[in-house]
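# Topology and contacts: notes
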Amino acid sequence: MGILNGKKGLILGVANNKSIAWGVARAAQREGATLGFNYLGEQMEKRVRPLAESVGAEIIAPMNVSDEASMDAYFALVKEQWGELDFVVHSIAFANKDALRDRFHTTSREDFHLALDVSSYSFIACAQRAAPLMKEGASMVTMSYLGAERAIPGYGVMGVAKAALEASTRYLSQDLGEDGIRVNSVSAGPIRTLAASAVGDFKKLMDKSARGAMLKHNVTQEEVGNTCVYLLSDLASGVTGEVHYVDAGFHVGAGDPGIPD
Ligand code: NAD
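Rules of the game
Residues numbered from 1 in each chain as written. Predicted model: local features only at pLDDT ≥ 70, side-chain atom pairs only at ≥ 80, totals over all residues. Heavy atoms only, no water. Near = heavy atom within 4 Å. Polar contact = N/O pair within 3.5 Å; in protein donor to acceptor, adjacent residues only side chain to side chain. Areas by Shrake-Rupley, 256 points an atom, 1.4 Å probe, with all protein chains shown as cover. Patch = residues over 30% accessible without salt bridge, like charges linked within 9 Å, V, L, I, M, F, W, Y side chains within 5 Å. Salt bridge = Lys/Arg side-chain N within 4 Å of Asp/Glu carboxyl O. Lys, Arg positive; Asp, Glu negative; His and termini not counted. Charge placed at Lys NZ, Arg CZ, Asp CG, Glu CD. Helix = DSSP H or I, 4+ residues; strand = E, 2+ residues; numbered from the N terminus. Buried < 20%, exposed > 50% of the residue type's maximum accessible area, 1.4 Å probe, protein only. Disulfide = S-S within 2.5 Å. Core = buried A, V, L, I, M, F, W, Y, C linked by side-chain atoms within 4.5 Å. Contact = heavy atoms within 4.5 Å. Expected span 1.5 Å × (residues − 1). Pairing = 2+ DSSP bridges. Right-handed = clockwise from strand over helix to strand, strands pointing away. Phe/Tyr/Trp six-rings, centres within 6.5 Å; stacked < 30°, edge-to-face > 60°.

### Considering the site of the ligand
With respect to spatial proximity, 29 residues lie near the ligand, and among them Ser-19, Ile-20, Lys-162, Ile-191 and Thr-193 are the closest. Here an oxygen atom of the ligand sits 2.5 Å away from a polar atom, N or O, in the side chain of Ser-19. Separating an oxygen atom of the ligand from a backbone N or O atom of Ile-20 is a distance of 2.8 Å. In isolation the ligand exposes 820 Å². Once the protein is present, 93% of that is buried.

Written out as structure tokens, the structure reads:
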């Protein structure tokens, strides 16, 4: 018996087998969930489809979260196939690489809008399409990072986007709580992924995070996946509006990747 037995949910944001969303997918499948996936464009489909099929996915379809029509089509398919939804995992972010590396005050209006649109607003856009398919006990989880609350070198406008994402989590939990739907963020420690390669000096960030963590190591996508599964399950029925850290305790310590060596 898995803790997600009988539940149907979407894992949004698998790019490859290093993606955090893939760690969540494997844990969710192990715990008995039936899964649906999205991919961004044909290039991504080649990687995502075989992974999704390996965990018995019932839905594998394109969705670009910056395109309203694409989102409408995806959720219409989910409604048609399943009719209802128990959970959504939102593990999607994007910023122009240069916007993360340049000095923060030079961030352009365009780069700001892009980062906030794909990395923050898209969670609200998912919630507004998922909620009508959800009933009491359903759960949504998104992926954040400590850069939401501390100025981390190389994270720039993405930190602003994560702050908006965490605030959106609180407002969505307030709003959807009326329908018994829970909404939480997981603040993960650094993990080497495609998206992470856009962050300036990521290796240094990883080294400092491991040194400053209470557990003296960086977290894995499996550890993040296991925590997400708990938040998606009925075991977390009293938990909503939270930012739940899966960072080996880094955020409670004095170690700070913002402090130069
Ligand atoms: P990843 O590159 O594997 O995943 C990012 C996903 O976002 C990809 O699947 C990509 O296709 C998707 N995406 C980007 N733009 C999109 C769009 N317009 N429409 C649909 N999908 C789009 O990297 P990841 O590190 O697994 O990132 C997942 C989430 O975890 C992100 O929100 C990221 O900020 C967050 N996070 C990552 C780390 C880390 O160190 N890797 C730490 C904390 C939080």
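Here the narrative resumes.
### A closer look at a negative patch on the surface
On the surface, Glu-136, Asp-175, Glu-178 and Asp-179 cluster together into a negatively charged patch. As for its placement among the helices and strands, Glu-178 is situated in the loop between helix 6 (156-177) and strand 6 (182-188). The class for Glu-178 is exposed, based on a relative accessible area of 70%.

### Observations regarding unusual backbone geometry
A positive phi is found at Lys-216, a non-glycine position, where the angle reads about 60°. In this fold, Lys-216 is placed in the loop between helix 7 (202-212) and helix 8 (221-232). Take Lys-216: its relative accessible area is 57%, and that puts it in the exposed class. The phi dihedral of Ala-248 falls on the positive side, at around 55°, and the residue is not glycine. One can find Ala-248 in the segment after strand 7 (243-246). Look at Ala-248 and you get buried, because its relative accessible area is 9%.

### Considerations on the state of the cysteines
This model, assessed by the stated rule, comprises zero disulfides. With no disulfide partner, Cys-126 has as its closest neighbouring cysteine sulfur the one in Cys-228, 15 Å distant. Take Cys-228: its relative accessible area is 0%, and that puts it in the buried class.

### What about the nonpolar core?
Residues Ile-11, Leu-35, Phe-37, Phe-87 and Val-224 are the most contacted members of the largest nonpolar core, which totals 57 residues. Top element by residues in this core is helix 1 (residues 20-30). It accounts for seven residues. Sequence-distant contacts of Ile-11, defined by excluding residues within four places in its chain, comprise Ala-21, Val-24, Ala-25, Leu-35, Gly-36, Phe-37, Asn-38, Phe-87 and Val-89. With 30 residues, the next largest nonpolar core counts Leu-12, Ile-59, Ala-127 and Leu-165 among its residues.

### A few points about helix 8
Helix length check: helix 8 (twelve residues) gives 16 Å between terminal C-alpha atoms against 16 Å at 1.5 Å per residue, within 8%. Those residues of helix 8 that fall on the buried side of the exposure criterion are Gln-221, Val-224, Gly-225, Thr-227, Cys-228, Val-229, Leu-231 and Leu-232. In this structure, the buried residues of helix 8 make contact with helix 1, strand 4 (87-90), strand 5 (139-144), strand 6 and strand 7.

### Let's talk about the pairing of strand 1 (residues 8-12)
When you tally the buried positions in strand 1, you get four out of five residues, the bulk of the element. With four bridges joining them, strand 1 and strand 2 (residues 34-39) adopt parallel strand pairing. From the neighbouring strand, Leu-10 faces strand 2, where its bridge partner is Gly-36. Between the parallel elements strand 1 and strand 2, the chain passes through helix 1 in a crossover that is right-handed. Bridging between strand 1 and strand 4 involves four bridges; their strand directions are parallel. Note on strand 4: the bridge partner recorded for Leu-10 is Val-88.

### Brief notes about the packing of aromatic side chains
Summed over all chains, the structure comprises three aromatic pairs. Pairing Trp-22 with Phe-37 gives two aromatic rings, centres 6.4 Å apart and planes at 45°, and the pair type is tilted. A residue pair is termed long-range when its members are at least 10 positions apart, and Trp-22 in helix 1 and Phe-37 in strand 2 qualify at 15 residues. Seen in terms of ring centroids, Tyr-145 and Tyr-155 are 4.9 Å apart; in terms of plane orientation they differ by 65°. Their pairing is edge-to-face. Note that Tyr-145 is positioned in the loop between strand 5 and helix 6 and Tyr-155 in the loop between strand 5 and helix 6, a separation of ten residues in sequence.

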